Amino acid sequence: MSSHQPWYHGNITRSMAEDLLSKEAKDGSFLLRDSESIQGAYALCVLYQNCVYTYRILPNEEKKLSVQASEGVPIRFFSVVSDLVEAYYKENMGLVTHLQYPVQKEEEPEEEPEAVSVPPLPPRNVPGNESRESHGDSGRAIEPSRPSFLDSYHQRLQLIDMSHLSEEHQKAIQDYFCSAVTLDADQVQNGNPTLPNLKKLVMTICKSLNSEISRTLPVLETVQKLVDQPQSPGGGRLRGQLSVDSSQSVAFRLEQITKLIYSIEDKTKNAVFESVGYDGGQRKSLIPPVTFEVKLDSLGISNKMLLKVDVEGGKVYFKKSKDGPEDKYFVHNKILQLVKSQKMQTKLVIVVETEKEKTQRKEFVFNDTKKREGFCQLLQQMKNKHSGKPEPDMISVFVGTWNMGNANPPHNMSSWFQSKGQGKTRDDTANHIPHDIYVIGTQEDPLGEKEWIDTVRSTLRGITNISFKQVATQTLWNIRIVVLAKPEHENRISHVFSDSVKTGIANALGNKGAVGVSFMLNGTSFGFVNSHLTSGSEKKFRRNQNYISILRFLNLGDKKVNPFDITHRFTHLFWLGDLNYRVDLPPGEAENIVTKIKQQQYQELLSRDQLNIEKGSGNIFLDYEEEEITFPPTYRFERETRERYAYTKAKATGTKYNLPSWCDRVLRKSYPMVHVACHSYGCTTDIMTSDHSPVFATFDVGVTSQFVSKNDPTKDSQGAIKFMNCVATLMTKSKTKFFIEYHSSCLEKFVKGPDGENQDCREGFIKVRFGTQVELTPIIADPEYLLDQHILISIKSTDSDESYGETCVALRSAEIAYTEFDVILTHHGERTGTLTGGIQLRTSEGKQTEKLYDFIKVGDDSGASKCKSGDNSNKSSMVLPTDISNPSYMGVGFKGSSVSSRGGASGHGAKDGGSGNMSPKKTGYDHSVCSPTGKTSSPVSEDGQPAEMFDNPLYGLMGKARCGKDQEISRKDHLSPSEIFAFPKPPDLDSDRVPPVPTPRNRSFTCSEKPQNPSSTSSSSSSSSLQPQSFTKKPVVPSRSEGGMIMSGKPPLPMKNRQDPQPQPQPKPRDYRDSSELPCKIRLPTRPGQPLPKDGHHETPQPPKTGRPLK
């Protein structure tokens, strides 16, 4: 396609095409753009009666083009697009109206070169007749340039001292650069770009080297055969042929020698390591015991203690003094949970199992928050190490970005990889904990690829004593990304892809752009993008365009999900790099900015941060997450110091200001209801070779394993995923029909739904109802597998098969029952509408296992005496940076179920109806949720009071309320349970329901409560104002323990009071050790001023329950 055609707009987006046509506002206005769905095809967009109609132009096998117009109109074929467009200026050609007014392409402002001197690029995609003209022009243009071309070499030859060279070499060099170079120029002009005379010069200069290579290569090949495995004789024969073939270039033969030497070194090293039982340091990577000084809170008395963590031994010792005995300790499997105080950042509750199979809570206060975090990370590492699981369900990921400023790195970079410096950093006690994956992005990197990788691996080996494996690397000019992994993950990683996109001048130069890597780790997909965007404070809109270009054209991940860009292709996507967004203040504020930085007053500056402003406006990074920034701007420092910012730069055009800014960032986006927790986000202070400081971020990330069902396939019931009542509201002026496509790894292939019905076409919007229920059949129906899956949804048009919006829905949302959803649609990084509907899930019978990431929780240690009913009204909206499970992916919102039968619409019975400590009463997304399995950190109960019980997520100890002083103690020592997943609750919760408190009982069971009086339903409506107003009221779905006591039709409603003081007989409780269906009681925040129930704490304790012993 010739780019000078006024109506051809290249690869602009569909929404941009609609905007251009709307501005023209004349029937018959048209433009041509590249198709988004089919490579090599075009889309003809025509405006008629304020609606945009799109027609696909497809090539056939003979490269002839035709328009997919109305039925009944004969198909015409054209050799070139210009002829096709000319033909459709005529009426009655099958279009809604004939073409009349071509919409001109908007001229983009030329981007100034950024200190990069580059030669003009040759024309691309030039048609035949223009090609001949351009060659003729280039031939005429090159003649006058030759004298200056040769003169420059003459001048250089005169300036260079060649007296130390042999006469033969001097003559060869002079002959080439004085005359023979023009012969090579003629060869290039005639279509031969091999530069034969330059090759002749190199062969002459390297004659001795070439003969030395011929002597050296066979010797190296002999050594290679000795260290080679016996089963690979073919490789030796191939290399023998290479050594004989001396006609190859010197560079090629040198490369062969280099590869041989590296291969010999690696194989010999591996053989020697294996002979002495050394595996590259992996077994020697021991985490030494670490001791923490803490204060033990017991009955209001504070005593100093020492906690010694032995990760390798799997024990935590409780010592009264440094030299005290180590006879009191708890083994890893007796440490049930860690609960971090939400109000007191140094306080931690350790829940342990005593010898009598009871739980005990121990409260400790650490010296500072970092010490507490270090302790938690060490115990999490201990749990992971000794879990006995064959495959991990959580890994640790290090993400680092650094603009190296075209300078070699310092010898010591360990602080970067140990997350040391300013901001949210790791404690020294966590130094020896290695991450599973290291992702390192660099910009303006002066090193060669291998040199940089060797430098990074050597640094990591010095820190962790592990030889990390290279997963992938991708380089674009000086932009590079490197991904390394622990050796143990080598066989878990598959489907590795890498790609790059140029966004420099005219999107042709690679001085700006992005590189990316994607892969699968067992059943979880990861994507990493390292980008270097346009610089300059005034060029934020150009940076926005860079982002959209990268989003559209970076080709990573599963190619089967073609309608989706990289924001939807991965379970976890991390975007890092020198994004170059600046603090948007005038240059005169430079000194004030520096003063605020010294005073660590970052928030006012961050409010003027261009990335935050553009992201908040929905222009870029829609629904990406970034950890709170608590470190100073990372650009622009004076080199070799971090004390001064060099914010002025003298240029020929005047003084240029580069105000201190947070140019270097790490953002992330994950599917809904998956586990992501950020543990550090900051910058180093001791790496000063560049004007940028390196930035680090570390995450704990939930992963899934390649699933193999343990159920009998002949007896295993078939699962089903049902979508119903879907309504899409699309931001478009297109006049077309739409359908939904469903994609997922749990489906054999994508499923296309029936066409929807267009109901409401307002200005710029169209409402489409998909009334037909769509049932999807998953490949595996086991809930252990299915509840971790996600469905990608694309709304596509019937005329062009292009996507008008994409989104993602988690199947875990429908675990309990039929669930309604309300999600945002996006396309190419822009919001394009909304989609509402319902999802219903049917799974086979199966158990779910506990997740390791549920070991650490966030609670609250406020006592009941200190808490009023109105104090907790905002608890559920608290966001803790250390515990994030991505509850608001794409603005997702969910509504409760109207299904009330046992097991609801989930397809499995009440006893298997939940994952983790899920309750049918749980609803709205609590932003303090830290895991997809339903554990939350909300410290409020259903009546808004502080939690008075401890829901052990592994063994489920619960009892009934007691009165008296024990009640107050339990309030003080309460541990808030976790909410299962963030779907809004039906507003029928009884706000007066009394929470239970612990009583002595055997572990592993949840209590079954006596059905309450239905008369209490009237009072339960008072809590409806706590719920989103759009949610409808629905009956309560029975809990698992109640399921065996009631009819499946109508569950009993909660009773406000218990009049009978006698304990009621209970059904056999469920053992939660064999699954992750954990008991939970969730409380909603009360409205300010809502009184506490008068009779809320006058229940009789239940007798202890017994069950089968722990295996």
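Note that the structure is a prediction, hence the values are computed from the model and not measured.

The rules we used
- Residues numbered from 1 in each chain as written.
- Predicted model: local features only at pLDDT ≥ 70, side-chain atom pairs only at ≥ 80, totals over all residues.
- Heavy atoms only, no water.
- Helix = DSSP H or I, 4+ residues; strand = E, 2+ residues; numbered from the N terminus.
- Expected span 1.5 Å × (residues − 1).
- Bend = angle between axes of the 7 residues up to and from the residue.
- Pairing = 2+ DSSP bridges.
- Axes fitted to C-alpha atoms, helices over the stretch in contact; angles between N-to-C directions.
- Core = buried A, V, L, I, M, F, W, Y, C linked by side-chain atoms within 4.5 Å.
- Buried < 20%, exposed > 50% of the residue type's maximum accessible area, 1.4 Å probe, protein only.
- Contact = heavy atoms within 4.5 Å.
- Phe/Tyr/Trp six-rings, centres within 6.5 Å; stacked < 30°, edge-to-face > 60°.
- Lys NZ or Arg CZ within 6 Å of the ring centre and 35° of its normal.
- Parallel < 35°, antiparallel > 145°, perpendicular 65-115°, else oblique.
- Left-handed = near helix turned anticlockwise from the far one by under 90°.
- pLDDT = per-residue confidence, 0-100.
- Polar contact = N/O pair within 3.5 Å; in protein donor to acceptor, adjacent residues only side chain to side chain.

> An account of helix α4 (residues 167-189) is requested, with residue identities and associated values reported.
Helix length check: α4, at 23 residues, gives a terminal C-alpha distance of 32 Å against a target of 33 Å (1.5 Å per residue), a fit within 8%. Considering bend angle alone, the principal kink of α4 is centred on A180 and spans about 55 degrees.

> Tell me what's going on with the sheet that holds strand β26 (residues 695-702), and back it up with residues and numbers.
Spatially, the 7 strands line up as an open sheet ordered β14-β25-β26-β13-β15-β17-β16, and their pairing is mixed. Two strands in the sheet have a free side with no partner beyond their single neighbour: β14 (422-424) and β16 (469-476). The mean angle between the axes of side-by-side strands here comes to 10 degrees, regardless of whether they run parallel or antiparallel.

> Tell me about the sheet that holds strand β4 (residues 65-67), and name the residues and values.
The strands that make up a sheet pair up through hydrogen bonds in the backbone, lying either parallel or antiparallel. Read from one edge of the open sheet, 5 strands run β4-β3-β2-β1-β5, paired in mixed fashion. Two strands close off the open sheet at either side, each with one partner strand: β4 and β5 (101-102). Pairing between strand β1 (residues 29-34) and strand β2 (residues 42-48): 5 bridges, direction antiparallel. Among the inter-strand pairings, F30 is bridged to a residue of β2, identified as V46.

> Can you lay out the nonpolar core for me, pointing to particular residues and giving the numbers?
Judged by nonpolar contacts, the single largest core of 53 residues is most densely connected at I437, F519, F526, F528 and F699. The residues touching F519, leaving out its near neighbours within four places in the chain, are I437, V471, V483, I493, S494, H495, V496, T524, S525, F526 and F528. Core analysis: the next-biggest nonpolar cluster, separate from the first, contains 32 residues, F770, L776, I795 and A814 among them.

> I'd like to hear about the pairing of strand β24 (residues 664-670), residue by residue, with values.
With 7 of 7 residues buried, β24 lies mostly within the body of the structure. The pairing of strand β21 (residues 572-578) with β24 spans 7 bridges and is antiparallel. Its bridge partner being in β24, G577 is matched across the sheet by R665.

> Account for the packing of aromatic side chains, naming residues and giving values.
Counted by the stated rule, this structure contains 32 aromatic pairs. Here the aromatic rings of F519 and F526 are separated by 5.6 Å at their centres, their planes lie at 20 degrees, and the arrangement is stacked. As far as burial versus exposure is concerned, F519 and F526 are alike and both buried. The interplanar angle of 85 degrees and the centroid separation of 5.1 Å between the aromatic rings of F621 and Y624 together place this pair among those described as edge-to-face. Ring pairing ties together the aromatic residues F398, W402, W416, F417, Y438 and F468, which thus form one cluster. Its guanidinium or amino end placed over the ring of Y101, K26 lies 4.2 Å from that ring's centre, counting from NZ or CZ. Seen from the ring of F739, K752 lies directly overhead, with NZ or CZ sitting 4.3 Å from the centre.

> Requested: an account of the packing of α4 against helix α5 (residues 196-205), with residues and values cited.
It is at 8 Å that the axes of α4 and α5 come closest, and there the two elements cross at 165 degrees. On the basis of the axis angle, α4 is roughly antiparallel to α5. Helix-helix and strand crossings are classified by hand; for α4 and α5 the assignment is left-handed. Facing E168, H169, A172, I173, Y176, F177, A180, L183, D184 and Q187 of α4, the residues of α5 in contact are P196, N197, L198, L201, T204 and I205.

> Describe helix α12 (residues 540-553), with residues and values.
Here α12 is 14 residues long and its end C-alpha atoms lie 20 Å apart, about the 20 Å a rise of 1.5 Å per residue gives. Burial analysis of α12 places 11 of its 14 residues in the buried class, the great majority of the element. Against the buried residues of α12 lie β18 (493-502), β19 (513-521), β20 (524-532), α13 (566-569), β21 and α16 (610-616).

> I'd like to hear about the confidence of the model for the protein chain, residue by residue, with values.
Looking at the protein chain, the pLDDT average stands at 76 and 68% of residues meet or exceed 70. Below pLDDT 50 for its whole length, residues 116-147 participates in 14 contacts with residues either more than four positions away or in separate chains.

> Lay out the side chain of S396 in plain terms, naming residues and giving numbers.
Structurally, S396 can be placed in strand β13 (residues 394-403). Overall, the relative accessible area of 13% leaves S396 in the buried class. One polar contact links S396 to H435, side chain to side chain, over a distance of 2.5 Å. Once residues lying within four places of it in the same chain are set aside, the contact partners of S396 are H435, D436, I437, F699 and D700.

> Can you tell me about the environment of K90, naming the residues and giving the values?
Within the secondary structure, K90 sits in the loop between α2 (81-87) and β5. K90 sits in the exposed class, given a relative accessible area of 52%. A C-alpha to C-alpha distance of 9.0 Å links K90 and Q100, two positions 10 residues apart in sequence.

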